[in-house]
Amino acid sequence: MAVLSLLSAQGLSIKFNGLSVLSDVSFDVPKGQVRALIGPNGAGKTTLVGLLSGRLLPSSGTVHFDGQNVTNWPSHKRIVQGMGYTFQITSIFETLRVHENVALAARRHQMRDTLVNEVVEWALVRVGLAEYVNDIAGDLSYGHQRLLEIAMGLAQQPKLLILDEPTQGLTESDIEAFKALIDDLRGEVTVLLIEHNMDVVMQAADFVTVLESGQVLFEGVPSDVKASALVRAAYLGGANAKA
Amino acid sequence: MMSDSKKDCFAHGGVLLFLFALQFFLPAYHHGNMARIMVLASYAIGYNLLFGYTGLLSLGHAIFFAAGLYGSGLAISQFGFSVGVALVIGVAAGCVLSAVIGALALRTEGVAFMIVTLMFAQAGYLTVLYFGEFTRGDEGFVLAHADRVLWGVSLSDQTSKYFSAFSLFCVSLIMCLALVRSRFGKVLIAIRENEERTQMLGYNVVWYKFCTIILSGSISALAGATYALLFGYVGASFASVEYSIYPLLWVLLGGAGTVIGPLVGMIFMFYLIDLSSGVTTAYMLVAGVVLVFLAVFAPQGVMGEVRSRIWKWLS
Ligand SMILES: Nc1ncnc2c1ncn2[C@@H]1O[C@H](COP(=O)(O)OP(=O)(O)OP(=O)(O)O)[C@@H](O)[C@H]1O
Ligand SMILES: [Mg+2]
């Protein structure tokens, strides 16, 4: 484990119904980096962040986060330790107001209500949802629900923000705003970004890990990934990368 | 313009004030009914915390009501304790029991949770029958008037009965209101709406559920204990499956996840059966038809509809 890594996975493997979905995946994310995790559909990206965040338990391997071995920790404890997680399939409190959705994320670490409200406002402004603060979350458009999901991640003020395909379903202008948001966060927060949109990866990521069929295929800076014949080959069959 | 939070407090305060004033106007028959209704509505408030706010459907809450009922009843009939001590014993019995059952039942979810709670309650019912020597089984036992005196006031007296039931209801309602408006209560609502999300916001969902089962069980037991002390009768029917279903019905009718819903549902159901049984022997049929209508036209229960249509700020 590198000295400065915030997150370190070693030899992670998991099977579903006897089928190996991830085998021996190791990778490190240094503090402050924006790391993209890419790979074709079904490569195991969501499963991998599930293992990192504790939604799933590995059959073998370890996860270290912020200097602790969190391999056997339940997910809520990892979140308290400083992970923020956003879902690929939008998971918000549909019947509650936008404000309450974000407040639930902020309240866990902010004791005073005035501070909670400040964090909520800050997070909503950052994703551009400030004007919807009193709307019922389920009434928002799909794209806005995706942004709310991101706001809930931000409001947790995590050390590591895990974003599972945040730009899916966003309009072009929202995607531009998202890139700007990641630039804002750079250095402040360590980001692990699962992303299919190659434009976003190229512009936002400091470093890229490519996953294919449950294994790490390639790691490098965005331009190297773009140049890699290996990666291009992986994406050729049933690829949906826009690069 | 009053803030929503203030309106909410005033509305619930108004209900309590109304219930307090009611005793001076009600004829004797309804006076007695209301005392009973307020005690059972407190039981329903306890149930609602778990079902309406946290989204956990228990089919075995009768065991907590019965724990309070028998805990305090037996404390008096078998050990000759005073009313105050008996009340504490009743609540403590419900508290311990709900902790044990909660710890075991929370290993399951959904339908399995319903079945496990149902089984525990059935085991409780059979336990009551098994120890018939002390509990007198189905027949039950009566607490003498002389034993039901608190601070020199006889609880069997009409006025003190109403006032005691009202006090219990106040405590339950205010506790519930304070809880659901607190940070803790907001997490419960979050669990009900999206458990996975709540967990991934860093809340220990199982712990929250466990605490709520204990709270819910203890309030149910408090209501059970008060029932024994006010009405002087302790019988196995209160431990039966009907008494696990009733609070579910009352809460659904009145509005799950509303503070005042359990009272509204209880009053509604009580008088529906009371009035229809005066008109026809097929009163359960009448009640059934009305319930079906409510389920179709007011699926959120009376207060649930009121909240979603009129008073959006209602807790
Ligand atoms: N709970 C599960 N049970 C069985 N198989 C699963 C489960 N979750 C995922 N899989 C399988 O594991 C593989 C990896 O899935 P995963 O969702 O991690 O892929 P992904 O890289 O996130 O794909 P996408 O880009 O489509 O989101 C897929 O083949 C999927 O069918
Ligand atoms: Mg995925």
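Above this note sits the structure.
Residues numbered from 1 in each chain as written. Chains lettered and ligands numbered in written order. Predicted model: local features only at pLDDT ≥ 70, side-chain atom pairs only at ≥ 80, totals over all residues. Heavy atoms only, no water.

Student: Residue-level account of the overall build of chain A, with values.
Tutor: Scanning chain A for helices and strands turns up nine helices and ten strands. Taking 2.2 N^0.38 as the reference for a compact globule, 243 residues should give roughly 18 Å; the C-alpha atoms of chain A span a radius of gyration of 18 Å, in line with that estimate. For chain A, the C-alpha atoms occupy an extent of roughly 50 × 40 × 35 Å along the three principal directions. Looking at chain A as a whole, 54% of its 243 residues are labelled buried. Put simply, of all contacts in chain A between residues at least 6 apart along the chain, 65% involve residues at least 24 apart. (Helix = DSSP H or I, 4+ residues; strand = E, 2+ residues; numbered from the N terminus. Rg over C-alpha atoms; globule rule 2.2 N^0.38 Å. Buried < 20%, exposed > 50% of the residue type's maximum accessible area, 1.4 Å probe, protein only. Contact = heavy atoms within 4.5 Å.)

Student: Go over the overall build of chain B with me, naming the residues and quoting the values.
Tutor: Within chain B one finds 14 helices and four strands. Computed over its C-alpha atoms, the radius of gyration of chain B comes to 19 Å, within 12% of the 20 Å expected for a compact globule of 315 residues. Dimensions along the principal axes, computed over C-alpha positions, put chain B at roughly 50 × 45 × 40 Å. Across the 315 residues of chain B, 51% fall into the buried class.

Student: Tell me about the sheet that holds strand β3 (residues 34–38) of chain A, and please be specific about residues and values.
Tutor: Residue and element names in this part refer to chain A. Pairing is mixed in the open sheet, where six strands are placed in the order β6-β7-β8-β3-β9-β10. Each end of this open sheet is capped by a strand with a single partner; those strands are β6 (83–86) and β10 (215–220). Taken over all neighbouring pairs, the strand axes of this sheet differ in orientation by 15 degrees on average, direction set aside. Pairing between β3 and strand β9 (residues 207–212): four bridges, direction parallel. Note on β9: the bridge partner recorded for Ala36 is Val208. Sheet strands touched by helix α1 (residues 45–53): β3, β6, β7 (160–164), β8 (190–194) and β9. Its angle to β8, the strand with the most contacts, is close to 150 degrees. (Pairing = 2+ DSSP bridges. Axes fitted to C-alpha atoms, helices over the stretch in contact; angles between N-to-C directions.)

Student: Give me the lowdown on the site of ligand 1, citing residues and values where you can.
Tutor: Residue and element names in this part refer to chain A. Taken together, Phe16, Val21, Asn41, Gly42, Ala43, Gly44, Lys45, Thr46, Thr47, Gln88, Glu165 and His196 are the residues near ligand 1. At 2.8 Å, a side-chain N or O of Gln88 approaches an oxygen atom of ligand 1. At 3.4 Å, a side-chain N or O of Glu165 approaches an oxygen atom of ligand 1. Among the elements that line the shell around ligand 1, the one with the most residues is α1, at three residues. A per-class count over the shell around ligand 1 returns three nonpolar, seven polar and two charged. (Near = heavy atom within 4 Å. Polar contact = N/O pair within 3.5 Å; in protein donor to acceptor, adjacent residues only side chain to side chain. Nonpolar A, V, L, I, M, F, W, Y, C, P; charged D, E, K, R; others polar.)

Student: An account of the coordination of the magnesium ion (ligand 2) is needed here, citing residue identities and associated values.
Tutor: When four donors bind a metal tetrahedrally, each ideal donor-metal-donor angle is 109.5 degrees, and when six bind octahedrally, the ideal angles are 90 or 180 degrees. Residue and element names in this part refer to chain A. At this site the magnesium ion (ligand 2) is bound by Thr46 (OG1) and Gln88 (OE1), with donor distances of 1.9 to 2.1 Å. In this pair, Thr46 is assigned in helix α1 and Gln88 in the loop between β6 and α3 (98–107), connecting sequence segments 42 residues apart. A relative accessible area of 30% means that Thr46 is categorised as partly exposed. (Donors = N, O, S within 2.8 Å, 3.2 Å for Na, K, Ca; no water.)

Student: Can you break down the interface of chain A and chain B residue by residue, with the values?
Tutor: With 27 residues of chain A in contact, the opposing surface of chain B contributes 16 residues. Both sides of the chain A and chain B interface together cover about 1900 Å² of buried area, and 55% of this is carbon and sulfur. Across the contact surface, chain A and chain B share three salt bridges. When the shortest N-O distance is used, the salt bridge between A:Asp113 and B:Arg183 registers 3.5 Å. Elements with a minimum of two residues in the side of chain A that touches chain B: α2 (75–81), β6, α3, α4 (113–127) and α5 (142–155) of chain A. Considered class by class, the residues forming the side of chain A that touches chain B number twelve nonpolar, eight polar and seven charged. (Buried area = accessible area lost by both parts, 1.4 Å probe. Salt bridge = Lys/Arg side-chain N within 4 Å of Asp/Glu carboxyl O.)

Student: Mind laying out the packing of aromatic side chains, listing which residues take part and the relevant values?
Tutor: Residue and element names in this part refer to chain B. Enumeration according to the criterion identifies 26 aromatic pairs over all chains in this entry. The interplanar angle of 35 degrees and the centroid separation of 5.8 Å between the aromatic rings of Tyr47 and Phe51 together place this pair among those described as tilted. Of the two residues, Tyr47 and Phe51 both sit in helix α2 (residues 28–53), four residues apart, roughly one turn of that helix. Here Tyr130 and Phe131 contribute two aromatic rings whose centre-to-centre distance is 5.1 Å and whose plane-to-plane angle is 90 degrees, an arrangement assigned as edge-to-face. With relative accessibility at 41%, the residue Phe131 sits in the partly exposed group. (Phe/Tyr/Trp six-rings, centres within 6.5 Å; stacked < 30°, edge-to-face > 60°.)

Student: If you had to explain the nonpolar core to someone new, which residues and values would you point to?
Tutor: Counting 120 residues, the largest nonpolar core has A:Val102, A:Leu148, B:Tyr70 and B:Phe169 as its most contacted members. Once you skip the residues sitting within four places of it in the chain, B:Phe169 turns out to touch B:Leu16, B:Leu19, B:Met38, B:Ala41, B:Ser42, B:Ile45 and B:Leu263. (Core = buried A, V, L, I, M, F, W, Y, C linked by side-chain atoms within 4.5 Å.)

Student: Give a description of the environment of B:Gln122 that names residues and reports values.
Tutor: Residues and elements named next belong to chain B. Summarising the element assignment, Gln122 is placed in helix α5 (residues 110–130). Here Gln122 falls in the partly exposed class, since its relative accessible area comes to 31%. Sequence spacing of Gln122 and Glu133 is eleven residues, and the spatial spacing of their C-alpha atoms is 19 Å.

Student: Could you give an account of α2(B), with specific residues and numbers?
Tutor: All names here are of chain B. In a regular helix each residue adds 1.5 Å, so 26 residues correspond to 38 Å; α2 covers 35 Å between its end C-alpha atoms and thus fits that length. With respect to burial, α2 is a largely interior element, 21 of its 26 residues being buried. Once α2 ends, the next one or two residues include Gly55, with phi positive near 80 degrees. (Expected span 1.5 Å × (residues − 1).)

Student: Tell me about the layout of surface pockets, and please be specific about residues and values.
Tutor: When its volume is computed, the largest pocket comes out at roughly 1400 Å³. The wall of the largest pocket is formed by 37 residues, among which A:Leu96, A:Arg97, B:Lys312, B:Trp313 and B:Leu314 lie closest to the centre. In terms of residue class, the lining of the largest pocket is made up of 13 nonpolar, twelve polar and twelve charged. Counted as a void, the second largest pocket has a volume near 380 Å³. As for the second largest pocket, its lining consists of 17 residues, and the residues nearest its centre are B:Leu87, B:Leu150, B:Leu155, B:Ser164 and B:Ser167. Those elements that place two or more of their residues in the lining of the second largest pocket are α4 (83–105), α7 (158–181) and α10 (205–231) of chain B. (1 Å grid on protein atoms, 1.4 Å probe; cavity = no way out; pocket = protein on both sides within 12 Å on 5 of 7 lines; lining within 4 Å. Points joined across faces, edges and corners; volume = space filled by probe spheres on them.)

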